[in-house]
Each structure stands twice: as structure tokens, then as C-alpha cells.
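In case you want the letters, here they are:
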Amino acid sequence: MANFLENIDYPSDLKKLKEKDLPQVCSELREMIIREASCNPGHFGASMGVVELTVALHYVYNAPYDKLIWDVGHQAYGHKILTGRRKQFSTNRRYKGLSGFPNRSESEYDAFGVGHSSTSISAALGISIAAQMNGEKDRKVVAIIGDGSMTGGMAFEGLNNAGGANADLLVILNDNNMSIDPNVGGISRYFVRMQTSRAYNRLRSGVWEVLKHFRTAGQKMLSLLKRHQHAVKSMVFNDSNLFEALGFRYFGPVDGHDVVALTRILNDLKQIPGPKLLHILTKKGKGFTPAENDATKWHAPGKFDVVTGEIFNDPGPHPKIPKYQVVFGLTLLELARLNKNIVGVTPAMPSGCSMNIMMEEMPERAFDVGIAEPHAVTFAAGMAVSGKIPFVNIYSSFMQRSYDQIIHDVALQKLNVVFCMDRGGLVGADGATHHGVFDLSFMRNIPNMTVSAPMDELELRNLMYTAQLPDKGPFAIRYPRGNGIHKEWQLEFSEIPVGKGRKIADGTDVAVLSIGHPGNFITEVRKIMEAENISVAHYDMRFVKPIDQGILDEVGASFDHIITVEDGVIAGGFGSAVLEYFASREIKKSVIRLGVPDRFIEQGTQQELYRECGFDKEGICRTIREIFDSTKK
Ligand SMILES: Cc1ncc(C[n+]2csc(CCOP(=O)(O)OP(=O)(O)O)c2C)c(N)n1
């Protein structure tokens, strides 16, 4: 049998094939995604589910002139393979390799950079309006968005704007009834109803009638219809359909795994002007049974056996030691048992952040609110006003979405909301869109906010314990992706005095002040430096705000050389807080700040990225040597 995929470098090669060959292209594409993802882990289920859609889109549209905008972009592996990156696909998500998400600097086929959800409709609308302004009347713009991402408020802001603007835009709603975990909320239930309701199926047949007219009408008829858009619209307009009510023409739901039917529908829709929404039904993980049966596990499974479907969990460097996220999940449940006011809030990441542990035992006290970070924060603020103590767990990079809500709805009102920022710092393979490196900077300039970062999982537990004690106000705790370091971690809780760090080791030549997990690099650094006759003192500061002024006074008085280390942006971060304090007290000491420089860091392993930024063990040692080499001169 012919192997089509190996002859497809670009969509132009795909277009040479006959419609009847497309199902085989789909199965070859699926095989390749399975083969590659099994040994080079990444997002799996989502890309498998949109194979037919991907092939149909590239068969029908003329990318890169036409713009295909993937929401989140974790489902775009097939798109990457069909658009010039098949041979490099084995470098997906690796250091210096392909990005795991569409990225404009990687390919002209990636129309819009992405990684966070619910942006596609807004971006597509902007591109479509700009095309109109530029006189590019034939340019087609398509946003592809999942039902999970459709729960994000921004998606609705985009729909509202597009419906009112009457822009030429196609939104494809890829409905697989899943987010990472099962999709939640009214929208999700609405989509399920749409699939079964007779009213929608009647509407659908009306719509297909209109499509048939377009198909047979020819150009003359088409321009006539375009001129009478309003009349056409009223033929299919149905106010009880959410999208129709917003000004979109709704088509569907249709089978998203019938590639030939999809190409025909897309060709038809190309002829229809104005904002349109095509609702397709797909199965996440389609074509790989284990993934179809457990979509959450197979969202991003890690390495796996292509025959048995066994997932090879990466045991990490210390197999028995749990990840920070698990420590969070178990600790939250323990605290919730002790304090009846504690509630949990997660925007669509219950299994990612381990709040599912609390959900299982206390479903009425833990809330998945959909992919809705701003809402999650204000929802928590509302509960805090009524005496609850919400633990809102949001991955650090997604917390960026909630900035106004943190300031306006929580901090200004001094509410006792605990912000648990998982995946703080450089996260590794997910790359620039997902690194949680801005949080220490953007949290520390907010009045009333306590900003902390545990050095290990014991501190994480005790900070969580401290944050729920009375009158603590807004309290941020950020911790990294990955494993903790202690075998025994489920120790009794003890309160950590807010704003107090701790001295880990004495020294005389240089003081290293660390925040968060990079403090664990310093034990090794001290040993290496000791062998070179340099004595290093180490302080784990625990809090960026309020910062421990006692330690800073002590260090300022005793050391000429001070190094700060953080897994976050240097600009405005922890080291900057130290400098600001020294400046305010006129303490004039050399402070070298190590952390993430003022540029976006791409993907790689965390270790590779720490090295690139110069705050891994070697980088810290190098900095210390440079200080003493220069003082000798
Ligand atoms: C703002 C933001 N919050 C959370 C996430 C994490 N996330 C990545 S994919 C995903 C689920 C998306 O569901 P859907 O759009 O239905 O796509 P599917 O994976 O089901 O194909 C989530 C929550 C994100 N990328 N962006």
C-alpha cells in the first residue's frame, strides 16, 4: 500500500491526493503521532482526536495564506507534521527542538503563538478584520477551539465581538466532552444537550439545505446570497441556539472523524460570508484504545508502550518521594479535615494540581470552575467574604490571567484567599508559554499580599498550614514542578512566622540568599566551594514579601559579597527586593542576582534551562569564583 505521509512535506503535497485517499493519510498520521509520542512524551489525546480535522483543514484551506488558529495548541501535532516539520518532529518539546505548541517564530504555518487557552477567537477576529482593512478579501480565517477552552471567558468575549462585527470568520468547536478532566459547567451540559436535542437536529437539516443551495448556486447565486445575507441569516437563525443568538451561523453537530465529509463541509462553509460556527464531535485519543478509555490519563501520558498501552511513569530521581503537587493535594485534604472553613478552587486542573484528592472525599467543598482563572479568583473572593478560606490552586503561568482579580477583588479587600501557584519557575518541556517565572515579581508589588516560596515540601506543608490560620489576609505560596526531596514528609504541622527566613549554613566569604527550591542546590555549592577554600553562608528566605529584614541587616553587616538565587525573572523579583531594601537602608554591598534573564526561555528539561539561565549548581559556583577571581586582581 502506498505510504502517503512520507511524501507529504507541505499541504501542497496533501492537496495533490484524491479525496478517497484522505482516510489513509489520517491513519498514517495517527500512527506517526503514536510512535513519536510513545518515546518522546507530550500531549497525546488531543492531537489524536483532531487528525481528520487537521487533514481536512489543510486539504481545503490554503495555509499559510489562510490562517488556521489553534486554541491552546496542544492538539497541533498533526498540523506540525503536515506543515514542513515531519522530519524534525522527534525533537518536539526538546531543548533547541520544536516547540510543543504553535509558534510564529518556528513556522509561517503557525498563524498565532499559543499555549494558554481560549485566545483563538479573539486572535482570529483580529486577523480577519485586519485582512478586510488590507483588502485581502479572499483570506480565510479559522479558529479551532475545544469545548474545554470554550469555558474560558475570553472565548465569549471573542464570540460577542465577532458576532457584532459581522467579520468573515469560521470557528470550529471541537467537542469531545473533555477538558483535561471531564469538562464542567453549564456550557458543557449545553453541548451535550445539543448533540441529542431534536430541535437542533431540525435546525441542522435547515442549515444543510442552505449549504446545498450554495454548493449548486454557482457564482451568480453566491453573490446574490451575499447581497441578501440578512435574509439568508433569518432562514437559519434560531435564538435558542447560543451561538446564533450571538450573531454566528451555527452548523452541526457533525462527525469530526469523517474526513471526507469534513472536507466537503469546509468547502461549503468557505462560500458563506460572516461569522460561522461549525460544531464537530470527536473522541479524545481516537485510534488508540487505552487513550480513548481514559482521556485524562492520556492527555499527556509520558512514555508508553505502543502495543500494550502501558505508561512508563517517570519515577524521578527519588522514586518514593512524591511530587510537590501530590504533597499539595494530600496536605489540602488534611487541613480541610481540621478546618471546616477551608474550600478548594481549581480552574480545570483537578488532576494536574491534585485537588482531585480533596474532591473525592469532600466533593461539596472543592470546586472545578472550568478554564476560568479570573473567575476562579473572584469566586474565591466571594467565598472569603462569607467566612470561607479558599485555597485557589492555579498554575503560576495561568495565574497571569487573574491579575486584576487578585488586586481588585482580593488584596484590596484584604481577603484571606490562599493562592497556591503550582508549576512556579521554569517548567521544562512545555516551554515559554508555561514557565511560571513572573509570579514573584507580579505578586510582590501588591499591597496586603504575603508572597512565599517553600524550599522543600516540608515548608510547603507548613506554609499551607500557616496561610489558613486566622487573619492572614491574601497569601501566595509558589512551588515548582517536580519531585520533593524528603522521604519522610508527612510530619506534624508547625506555623512559620510570616516574613521570617532561616539560616541554613554559616559561612564567612559570601552569603547566598535563596528563595524556593533552588536553595537545595546550595548544599552542593557549599561543598564544592569549601574544597576551593571559599566559605559560603546560606539563607533560605522563605518570603519575598514581607522580606526578612533581620536577615538582610545581618547579611548586609557581615558580608561584602551577596548572591541572590531565584527560579523566576530577575527583573522585579526576589533579588530586586533585596536590592531595594539595601538601597532604602543605604547598605552598599555587591549583590549579584541570579535567576531568569530578561528574555523568554524556550523548552528543555528543567536542568537544561537552569543551566542556560546560570542558576544551576555550576552557574552559582561559577559566579562565586568570578567574584573571588576579580577581588584577587
Ligand atoms: C489559561 C489556561 N488554563 C489552563 C490550561 C491547561 N490546559 C491545557 S489543555 C486544557 C484542556 C483543554 O480542553 P479542550 O479545549 O476541550 O481541548 P481537548 O484537550 O479536550 O482537545 C487545559 C485546561 C491552559 N492551557 N490555559
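Predicted, not measured: the structure shown is a model, and the values here were computed from it.

So, on to the overall build of the chain. When helices and strands are tallied, the chain shows 26 helices and 19 strands. A compact globule built from 633 residues should have a C-alpha radius of gyration of about 26 Å, and the chain, at 27 Å, falls within 12% of that. Each of the three principal axes of the chain carries a C-alpha extent, and together these read 85 × 55 × 50 Å. Considering the chain as a whole, with its 633 residues, one finds that 59% of them fall into the buried category. Of all intrachain contacts in the chain linking residues separated by at least 6 positions in sequence, the fraction that spans at least 24 positions is 77%. With the model as given, the accessible surface of the chain reaches about 25600 Å², and the carbon-plus-sulfur share is 51%. The centroid of the 71 positive side-chain charges in the chain is displaced by 5 Å from the centroid of its 72 negative side-chain charges.

So, on to the pattern of salt bridges. Tallying each qualifying case throughout the model produces 30 salt bridges. Where Asp 439 meets Arg 478, a salt bridge forms, and the shortest distance between an N and an O atom there is 3.0 Å. Of the two residues, Asp 439 is situated in helix α20 (residues 439-444) and Arg 478 in strand β13 (residues 475-478); the sequence distance between them amounts to 39 residues. Of the residues examined, Asp 439 reaches a relative accessible area of 0% and is grouped as buried. A residue is classified by how much of its surface remains accessible, and Arg 478, at 5% relative accessible area, is buried. Linked by salt bridges that have partners in common, Lys 80, Arg 85, Glu 106 and Asp 110 make up one network.

An order of β1-β2-β3-β5-β4 is seen for the five strands of this open sheet, with the pairing classed as parallel. Edge positions in the sheet fall to β1 (67-70) and β4 (249-255), since each of these pairs with one other strand and no more. Going across the sheet, the axis of each strand differs from the next one's by a mean of 20 degrees, ignoring polarity. As defined by bridge partners, strand β3 (residues 169-175) adjoins strand β5 (residues 275-281) across seven bridges and the pair is classed as parallel. Across the sheet, the residue bridging to Leu 173 is His 279, located in β5. This element, helix α4 (residues 51-60), spans β1, β2 (141-146), β3 and β5 of the sheet and lies at about 160 degrees to β1. Its contacts with the sheet put helix α12 (residues 259-270) on β3, β4 and β5, and the angle it makes with β5 is roughly 170 degrees.

On to the pairing of strand β16 (residues 536-540), then. A regular strand places its side chains on the two faces of the sheet in alternate fashion. Most of β16 is tucked away, with five of its five residues classed as buried. Residues Val 536, His 538 and Asp 540 point to one face of β16 and Ala 537 and Tyr 539 to the other, with burial holding for every one of them. In this sheet, β16 lies alongside strand β14 (residues 502-505) in antiparallel orientation, the contact comprising three bridges. Following the sheet pairing, Arg 502 is matched in β16 by Asp 540. Across five bridges, strand β15 (residues 510-514) lies against β16 in parallel orientation. In the strand pairing of β16, Ala 511 is matched with Ala 537. Each parallel crossover has a hand, and the one from β15 via helix α22 (residues 522-531) to β16 is right-handed.

Within the structure, the ligand sits among 21 residues, and His 74, Gly 148, Ser 149, Lys 284 and Glu 373 are positioned closest to it. In the model, a nitrogen atom of the ligand is placed 3.0 Å from a nitrogen or oxygen of the Gly 115 main chain. For the ligand, an oxygen atom lies 2.6 Å from a polar atom in the side chain of Ser 149. Burial of the ligand by the surrounding chains reaches 97%, relative to a free accessible area of 580 Å².

The subject of this paragraph is the environment of Glu 618. As for its position among the elements, Glu 618 is in helix α26 (residues 617-632). With relative accessibility at 41%, the residue Glu 618 sits in the partly exposed group. When the C-alpha atoms of Glu 618 and Phe 521 are compared, they prove to be 9.3 Å apart, with 97 residues separating the residues in sequence.

Definitions and limits used
Residue numbers run consecutively from 1 along every chain, following the written order of its sequence. A pLDDT threshold of at least 70 governs which residues receive local features in this predicted model, and a stricter bar of 80 or more applies before side-chain atom pairs are shown or counted, although totals over entire chains, interfaces and linings include all residues. With hydrogens and water set aside, each side-chain value is computed from the structure's full complement of heavy atoms. Put simply, DSSP marks the helices as runs of H or I at least four residues long and the strands as runs of E at least two long, and each gets a number from the N terminus on. We take the radius of gyration over the C-alpha atoms and set the globule estimate at 2.2 Å times the residue count to the 0.38 power. For the exposure calls, accessible area comes from a 1.4 Å probe over protein chains only, and a residue counts as buried if that area is under 20% of its type's maximum, exposed if over 50%, partly exposed in between. In this description, contact between two residues means that some pair of their heavy atoms is separated by no more than 4.5 Å. Accessible surface area values rest on a Shrake-Rupley calculation with a 1.4 Å probe, where residue burial reflects the displayed protein chains alone. Counted charges follow a simple rule, with Lys and Arg positive, Asp and Glu negative, and His plus the chain ends left uncounted. The location of each charge is read from NZ of Lys, CZ of Arg, CG of Asp or CD of Glu. The term salt bridge refers to a side-chain nitrogen of Lys or Arg lying within 4 Å of a carboxyl oxygen of Asp or Glu. Any two strands between which DSSP finds at least two bridges are classified as paired. Axis angles are defined between N-to-C directions and span 0 to 180 degrees, where every axis is a line fitted to C-alpha atoms and, for a helix, only to the segment in contact. Handedness is read with the strands pointing away from the viewer; a crossover is right-handed when the path from the first strand over the helix to the second is clockwise. Think of it this way: one heavy atom of a residue within 4 Å of a molecule or strand is enough to make that residue near it. Pairs of N or O atoms within 3.5 Å make up the polar contacts considered here, provided that, within protein, one atom can donate a hydrogen while the other can accept it, and that residues adjacent in sequence are counted only when both atoms are side-chain atoms.

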